[in-house]
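# Fold and geometry: a report
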Amino acid sequence: MRIFFLGVGEAFDETYPNTSLLVSVPGVSGSETENGAAHILLDCGFTAPAAYYRYAPRGVEEKGSEDQPGVRGDEQRVIQPDVIWISHFHGDHFLGLPLMLLRFWEEGRKKELVIFGPEGVESKVWSAFELAYPGFRERIDFPLFFLDVEPLMQGELFGVRWATAANAHSASAPCMTLRLDHAGNSMVYSGDGRPTSASGQLAQGADLLVHEAYALEGEPPGHGTVAGCLELARGTGTQRLALVHVNRNVRAERAGEIRGLLDTVEGFSAMMPEPGAVVVLES
Ligand SMILES: [Zn+2]
Ligand SMILES: [Zn+2]
């Protein structure tokens, strides 16, 4: 399992793109998956698509030969995700979808796409798409499936097991934590919000916990903190913690201090990744 940190920022950050990750899971079923892996995009906010096309991996030619080497290099287009997870309906987590869908059309996408997220995800996505590009919906002619998800649900997509739990973020845009498991590897992505007992339970024993830490400490309404994430990681026995969605002013002024604190953690490793960072989980 390979996790690409495309964006790590909060909604209004002018420096860091909205938090968005690509999880590539090798050796899964699916005839049209690229690079022999299924690719699951986690959240797609206003500024995430530009980060996606900058940092997501490029495709590998499946049938390489001496005349046509396996990797065609820079002209090969960026891979297309098979699945997109929307943690909640805030713009910095889903309003990049109109651009992504239209770019897939421009690229001649044929393979199916599954978008899963909170209840009503299909109407939310098409409403946003129609506002952004009126009358363009008929161009989206690749198979597109939507899946409504509730907290404490689980299922399987492209051979990857997923499960959800509610966290504490916004009454008008409830957010879920997502866990992905495959071949002995696991990762958890919080979306936005303070952890709950349910999301803590979901994160038990995860190889990688990616959690939002909007503030350093205290009880910011509807958001996590650096201190709270460290406590959560200790309690869940996770091996690695990655902090994202840090408030832009906190990040600009205190990144060194936060990293210094993360370096002193014992029992697990902790990081505050930059866009383009990659974490590889191997069983
Ligand atoms: Zn957010
Ligand atoms: Zn939010």
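Scroll up to find the structure.
Quick look at the structure, then. (Residues numbered from 1 in each chain as written. Chains lettered and ligands numbered in written order. Predicted model: local features only at pLDDT ≥ 70, side-chain atom pairs only at ≥ 80, totals over all residues. Heavy atoms only, no water.)

### Overview of a negative patch on the surface
On the surface, a cluster of negative charge is contributed by Glu119, Glu122, Asp148 and Glu150. Mapping Asp148 onto the fold places it in strand β6 (residues 144–149). (Patch = residues over 30% accessible without salt bridge, like charges linked within 9 Å, V, L, I, M, F, W, Y side chains within 5 Å. Areas by Shrake-Rupley, 256 points an atom, 1.4 Å probe, with all protein chains shown as cover. Salt bridge = Lys/Arg side-chain N within 4 Å of Asp/Glu carboxyl O. Lys, Arg positive; Asp, Glu negative; His and termini not counted. Charge placed at Lys NZ, Arg CZ, Asp CG, Glu CD. Helix = DSSP H or I, 4+ residues; strand = E, 2+ residues; numbered from the N terminus.)

### Some thoughts on the packing of aromatic side chains
Counted under the stated rule, the structure contains nine aromatic pairs. An aromatic cluster of three or more residues is present, and its members are Trp126, Phe129, Tyr133, Phe136 and Phe146. Taking NZ or CZ as reference, Arg109 lies 4.8 Å from the ring centre of Phe104, over its face. (Phe/Tyr/Trp six-rings, centres within 6.5 Å; stacked < 30°, edge-to-face > 60°. Lys NZ or Arg CZ within 6 Å of the ring centre and 35° of its normal.)

### What about the packing of helix α1 (residues 48–55) against helix α3 (residues 97–106)?
Between two packed helices, both the angle of their axes relative to each other and the distance between the axes serve to describe the pair. Put simply, α1 and α3 touch, their axes get as near as 9 Å, and they point 45° apart. Compared by their axis directions, α1 and α3 come out oblique. Of α3, the residues touching α1 (which contributes Pro49, Tyr52 and Tyr53) are Leu99, Met100, Arg103 and Phe104. (Axes fitted to C-alpha atoms, helices over the stretch in contact; angles between N-to-C directions. Parallel < 35°, antiparallel > 145°, perpendicular 65-115°, else oblique. Contact = heavy atoms within 4.5 Å.)

### So, the pairing of strand β5 (residues 113–118)
Burial analysis of β5 places six of its six residues in the buried class, the great majority of the element. Bridge count for strand β4 (residues 83–85) against β5 is three bridges, and the pairing is parallel. Bridge pairing links Val83 to Val114 in β5. The sheet contact formed by β5 and β6 spans six bridges and is parallel. Paired with Phe116 across the bridge in β6 is Leu147. This β-α-β element, β5 to helix α4 (residues 121–132) to β6, shows right-handed connectivity. (Buried < 20%, exposed > 50% of the residue type's maximum accessible area, 1.4 Å probe, protein only. Pairing = 2+ DSSP bridges. Right-handed = clockwise from strand over helix to strand, strands pointing away.)

### As for the pattern of salt bridges
For the structure shown, the criterion picks out seven salt bridges. Arg248 serves as the salt-bridge partner of Glu10, at 2.8 Å between the closest nitrogen and oxygen. Here Glu10, found in the loop between β1 (2–7) and β2 (20–26), pairs with Arg248, found in helix α7 (residues 248–263); they are 238 residues apart in sequence, far enough to count as distant. Two residues, Glu107 and Arg103, come together in a salt bridge whose shortest N-O distance is 3.1 Å. Residue classification places Glu107 among the partly exposed residues on the basis of a relative accessible area of 22%.

### Some remarks on the sheet that holds β6
Each strand in a sheet pairs with its neighbour through backbone hydrogen bonds, running either in the same direction (parallel) or in the opposite one (antiparallel). Spatially, the seven strands line up as an open sheet ordered β6-β5-β4-β3-β2-β1-β14, and their pairing is mixed. Two strands close off the open sheet at either side, each with one partner strand: β6 and β14 (278–280). Averaged over all pairs of adjacent strands, the angle between strand axes in this sheet comes to 20°, irrespective of strand direction. Bridge analysis of β1 against β2 gives five bridges, and the strand direction is antiparallel. Pairing of Phe5 across the sheet is with Leu21, part of β2.

### Some words on the coordination of the zinc ion (ligand 2)
The coordination sphere of the zinc ion (ligand 2) contains the protein donors His88 (NE2), His90 (ND1), His169 (NE2) and Asp192 (OD), at a distance range of 2.2 to 2.3 Å. Coordination at the zinc ion (ligand 2) is irregular, judged from the four donor atoms that bind it and the angles of 92 to 166° they form at the metal. Counting residues between consecutive donors of the zinc ion (ligand 2) along the chain gives the motif H-x1-H-x78-H-x22-D. Separating the zinc ion (ligand 2) and the zinc ion (ligand 1) is a distance of 3.7 Å, and Asp192 donates to both of them. Linking His90 in the loop between β4 and α2 (91–94) with His169 in the loop between β8 (160–166) and β9 (176–182), this pair joins segments that are 79 residues apart in sequence. Exposure remark for His90: the relative accessible area of 25% places this residue in the partly exposed category. (Donors = N, O, S within 2.8 Å, 3.2 Å for Na, K, Ca; no water. Tetrahedral: all angles 85-135°; square planar, octahedral: opposite > 155°, others 65-115°.)

### Some thoughts on the coordination of the zinc ion (ligand 1)
Ligation of the zinc ion (ligand 1) by protein atoms is provided by Asp92 (OD), His93 (NE2), Asp192 (OD) and His245 (NE2), these donors lying 2.1 to 2.2 Å from the ion. Taken together, the four donor atoms coordinating the zinc ion (ligand 1) and their angles of 88 to 159° define a geometry best described as irregular. Read from N- to C-terminus, the donor residues coordinating the zinc ion (ligand 1) fall into the pattern D-H-x98-D-x52-H. Residue His245 is classed as buried on the basis of its relative accessible area of 3%.

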